[in-house]
Amino acid sequence: MTPGRLRLVALGVALCALPRGLAAQYGACRPGAGSNEAKTLALFSVPLAFSQGGSPGGLAGVTLGLEAASVPPVDPATATPTICRPGKGPENTDLLPGLARLRVGLPLSHGLALEASWIPPARVNGVKANLAGLALEEHLGLAPGVTAGIRAHATLGSIHAPVTCDGDALGDPSSECFHGTRSDDRFSPNIFGLDASVGWTMAGGRLTPYVGTGYSRLEPRFQVNFTNQLGSTDTTEVAVDLNRVALFGGAGWQLSSLLSVSGEIYAVPADAVTGRVVVRQALGI
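Residues numbered from 1 in each chain as written. Predicted model: local features only at pLDDT ≥ 70, side-chain atom pairs only at ≥ 80, totals over all residues. Heavy atoms only, no water.

### Side note on the pairing of strand β17 (residues 272-282)
Working step 1: Only one face of β17 is covered, namely the one carrying A272, T274, R276, V278, R280 and A282; the face carrying V273, G275, V277, V279 and Q281 has none of its residues buried.
Working step 2: Of the pairings in the sheet, the one linking strand β2 (residues 63-70) to β17 comprises seven bridges and is antiparallel in character. Along β17, the bridge assignment pairs G65 with R280.
Working step 3: Strand direction decides the pairing type here: strand β16 (residues 259-268) and β17, joined by ten bridges, are antiparallel. Directly across from Y266, in β17, lies its bridge partner T274.
Working step 4: Taking the residues between adjacent antiparallel strands as the criterion, β16 and β17 are bridged by three residues. (Buried < 20%, exposed > 50% of the residue type's maximum accessible area, 1.4 Å probe, protein only. Helix = DSSP H or I, 4+ residues; strand = E, 2+ residues; numbered from the N terminus. Pairing = 2+ DSSP bridges.)

### A look at the state of the cysteines
Working step 1: One pass over the structure, following the stated rule, counts two disulfides.
Working step 2: The side chain of C165 participates in a disulfide bridge whose partner is C177; the two sulfur atoms lie 1.9 Å from each other. Measuring the twist about the S-S bond at about -65°, one finds the C165-C177 disulfide to be left-handed. Here C165, found in the loop between β7 (146-161) and α3 (167-170), pairs with C177, found in the loop between α3 and β8 (185-188); they are twelve residues apart in sequence, far enough to count as distant. For the pair C165 and C177, one class covers both residues: buried. (Disulfide = S-S within 2.5 Å.)

### A word on the nonpolar core
Working step 1: With 41 residues, the main nonpolar core has L41, L48, I159, F187, F222 and Y266 as its most contacted residues.
Working step 2: Elements that contribute at least two residues to this core include exactly α2 (36-48), β6 (127-143), β7, α3, β10 (207-218), β15 (242-254) and β16.
Working step 3: Ranked by residue count, the leading element in this core is α2, at seven residues.
Working step 4: The residues touching L41, leaving out its near neighbours within four places in the chain, are F187, P220, F222, V238 and V240. (Core = buried A, V, L, I, M, F, W, Y, C linked by side-chain atoms within 4.5 Å. Contact = heavy atoms within 4.5 Å.)

### Describing α2
Working step 1: End to end, α2 covers 19 Å across 13 residues, agreeing with the expected 18 Å (1.5 Å per residue, within 8%).
Working step 2: The element α2 is largely enclosed, with a buried count of twelve among its 13 residues.
Working step 3: Where α2 is concerned, the buried positions are N36, E37, A38, T40, L41, A42, L43, F44, S45, V46, P47 and L48. (Expected span 1.5 Å × (residues − 1).)

### Topic: the environment of S232
Working step 1: Of note, S232 is situated in the loop between β12 (226-227) and β13 (233-234).
Working step 2: Here S232 falls in the partly exposed class, since its relative accessible area comes to 25%.
Working step 3: Taking the C-alpha atoms as reference, S232 lies 52 Å from G149; in sequence the two are 83 residues apart.

Worth remembering: the numbers are spatial, not functional.
As structure tokens, this is what we get:
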């Protein structure tokens, strides 16, 4: 056998030795809206959407806030890829039960308010997020004690986590992750939305219930970053574009002249439901 043929045989053996489905899984993958990949990425987006977390027009001054939101679990069937990595078992999706982010609110003139949020890059259970949110709200008094609001919002940034191949998968001989390196995959939510809500006051103005609905454009991107036992790195990008309708409602309670707390249920009927609690401290500026 000539040296050229020997090289071809060696290359063929190396390709056959790759874990099933990995040799051809480089580049871009665009699964349809009904795929498990799209369903999983959409579910990830529910707790990350920068919802208002309070009654419209509720900012009486510059505020600092802290939000805690639940992260819905992904069932194993949905977490199993159907298009981009067929034959692979469920992805490692349920890494955290919740998330926390900082919020800063700034009232503007003419009934406008600006709010920003940030999830700082601290790694927790293998997850490191660096996400920023920005929202602009306009509120209008409809009647004494009743306020309507329209709010545009966006969530951008990235989350790094071992979704494709975690520590357990690296030790599983039946997994394509076997004897590779722990993946450091990147998820970018890219959420853009518009909400409308109405709120009213009760209990002498201390209690402020509200309800609303919204539309969001989701353009999530998931970037695989996994090196297998042969030293080959998988950098497949999973990209989907989705449209979603959300329903939300909650209530705020004014604990003191400067401190308030609000609770919110935020539901995307096509995907999942999350609960949020936001504590805000007015700076008296």
